[in-house]
Amino acid sequence: MSKIKVGVLGATGTVGQKFITILKDHPFFELTDLVASDRSKGKTYKEATSWKQDSDIPEKIASMTVKTYQDQLEAKLFFSGLDSSVAGEVETYLAEKGCGIISNSKNHRMDDNVPIAIPEINSEHLNLINDQKTKGFIVTNSNCSTMFLAIALAPLHKKFIIEKLIVSTMQAVSGAGYPGVPSLDILGNVVPYIGDEEEKVETELNKMLGEYKNGKIINADFIVSAHCNRVPVIDGHTETLSIKFKNKPSVADVKKTLQDFRAESQNLDLPMSPEKVIRVLEEDNRPQPRLDANKDKGMSTFVGRIRECKIFDIKMVVMGHNTIRGAAGAAVLNAEYMYKKGLLSKLN
Ligand SMILES: NC(=O)c1ccc[n+]([C@@H]2O[C@H](COP(=O)([O-])OP(=O)(O)OC[C@H]3O[C@@H](n4cnc5c(N)ncnc54)[C@H](OP(=O)(O)O)[C@@H]3O)[C@@H](O)[C@H]2O)c1
């Protein structure tokens, strides 16, 4: 079967580079378009990007010419890692022209008919694209720190019903893009503020864990309080959680629910699907970003230190790779799922 032609919007950025490493030899998709700003237009990809991955730029990609979104594009499906200052407008423009967009940017996440999709936990939210008025569609990923929360909490919310959540994040510098946070601000330091981040965590999670009913999403009804911090870690966001549940579970109940979690999408042979969506670690000092984030193609969500909370019910630590599971890998997994389920046929 011939591969679907895909493009990357924001191809020169941190998330864009991750898309390229994931898509270079993808069995379903062929990378035909690299899109960035006017600053990069007309340059070869190698000239336009400041490559920060631990493998070389794939040879055939290095010599491709970078375009802008207004140029003639071959692809019908685009992965977006665009800066949020332009993502909203560019993604709408391409969706109106009949393209499918799977975006990492915040701009359309909270639109009523746009899903924040994770195949393992809310694949039914993808039905929302049928109500979009454009010829193409827009599907989004959550903000990178919300991704791991949503994955770890979805099976717990389903069984025990969350009432309150307090989360503190320790977010890697790669989450700020390139060049991101100046080295003099972050080396040997912690920055207790990430613009707009707490608001995103406090709203996106309720939508992602919401119920799809009668063509709409009914947001999950619990309160979230988030503290977001930038720390001198390269890749991997760590989050500490205190959770109050309606049906108070024991530590053993929580551990078993997370260990047993398996999703329907794991039976579809999707290349980016992790072997275990949630990995529960038993060691007192895990998960750690340096030791765990890259395991399982960077696609697992790691949970550790599950224990009782004296104020709420349960405390635990959650961690995952922010540019892979928290961004590019998650977007490609969404596309793989849509491909296998025939949801990309709107693009023909
Ligand atoms: N980094 C993460 O872990 C992460 C995780 C989840 C979501 N996100 C989101 O993903 C998006 C990209 O993040 P990033 O970290 O990859 O940022 P980044 O490294 O700053 O890259 C931004 C990209 O957007 C392009 N761009 C900037 N202004 C543009 C314009 N006016 N027109 C067209 N393209 C333009 C840049 O192209 P030029 O090189 O040509 O300027 C570059 O390719 C953001 O919306 C971010 O919030 C990031």
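Residues numbered from 1 in each chain as written. Predicted model: local features only at pLDDT ≥ 70, side-chain atom pairs only at ≥ 80, totals over all residues.

Here we come to the overall build of the chain. The helix and strand inventory of the chain stands at 11 helices and 13 strands. For a compact globule of 348 residues, the expected C-alpha radius of gyration is about 20 Å, and the chain comes in at 19 Å, within 12% of that figure. Taken along its principal axes, the extent of the C-alpha atoms in the chain is 60 × 50 × 35 Å. Across the 348 residues that make up the chain, the buried fraction comes to 50%. (Helix = DSSP H or I, 4+ residues; strand = E, 2+ residues; numbered from the N terminus. Rg over C-alpha atoms; globule rule 2.2 N^0.38 Å. Buried ≥ 20, exposed ≤ 12 C-beta atoms within 10 Å, placed from the backbone.)

To continue, consider the sheet that holds strand β6 (residues 162-171). Here 6 strands make up an open sheet; going across it, the order is β9-β6-β10-β13-β12-β11 and the pairing mixed. The sheet is open, and its two borders are formed by β9 (223-230) and β11 (278-280), each paired with just one other strand. Averaged over all pairs of adjacent strands, the angle between strand axes in this sheet comes to 20 degrees, irrespective of strand direction. Of the pairings in the sheet, the one linking β6 to strand β10 (residues 237-245) comprises 8 bridges and is antiparallel in character. By the bridge assignment, K164 is partnered in β10 with K244. The sheet strands contacting helix α9 (residues 251-260) are β11, β12 (301-308) and β13 (314-320), and the helix crosses β12 at an angle near 170 degrees. (Pairing = 2+ DSSP bridges. Axes fitted to C-alpha atoms, helices over the stretch in contact; angles between N-to-C directions. Contact = placed C-beta atoms within 7 Å.)

This part takes up the site of the ligand. In the neighbourhood of the ligand, 28 residues make up the surrounding shell, with G10, G13, A36, S37 and G177 lying closest. Those elements giving two or more residues to the shell around the ligand turn out to be α1 (14-23), α4 (84-96) and α11 (324-340). Across the shell around the ligand, the residue classes break down as 9 nonpolar, 17 polar and 2 charged. Two domains each put at least three residues into the shell around the ligand: domain 1 (4-142 + 328-347) and domain 2 (144-321). (Near = placed C-beta within 6 Å. Nonpolar A, V, L, I, M, F, W, Y, C, P; charged D, E, K, R; others polar. Domains from an automatic or database assignment.)

What follows deals with the environment of K256. Within the fold, K256 resides in helix α9. The class for K256 is partly exposed, based on 13 C-beta atoms found within 10 Å. Sequence separation between K256 and L128 is 128 residues; the distance between their C-alpha atoms is 32 Å.

The subject of this paragraph is the domain arrangement of the chain. When the parts of a complex come together, some accessible area is lost, and that lost area is often used as the size of the interface. With domains assigned, the chain is organised as domain 1 (4-142 + 328-347) and domain 2 (144-321). Each of domain 1 and domain 2 has a C-alpha centre, and the two are 24 Å apart. With 30 residues of domain 1 in contact, the opposing surface of domain 2 contributes 27 residues. Those elements that place two or more of their residues in the side of domain 1 that touches domain 2 are α1, α5 (119-122) and α11. Taken together, the residues of the side of domain 1 that touches domain 2 break down into 11 nonpolar, 11 polar and 8 charged.

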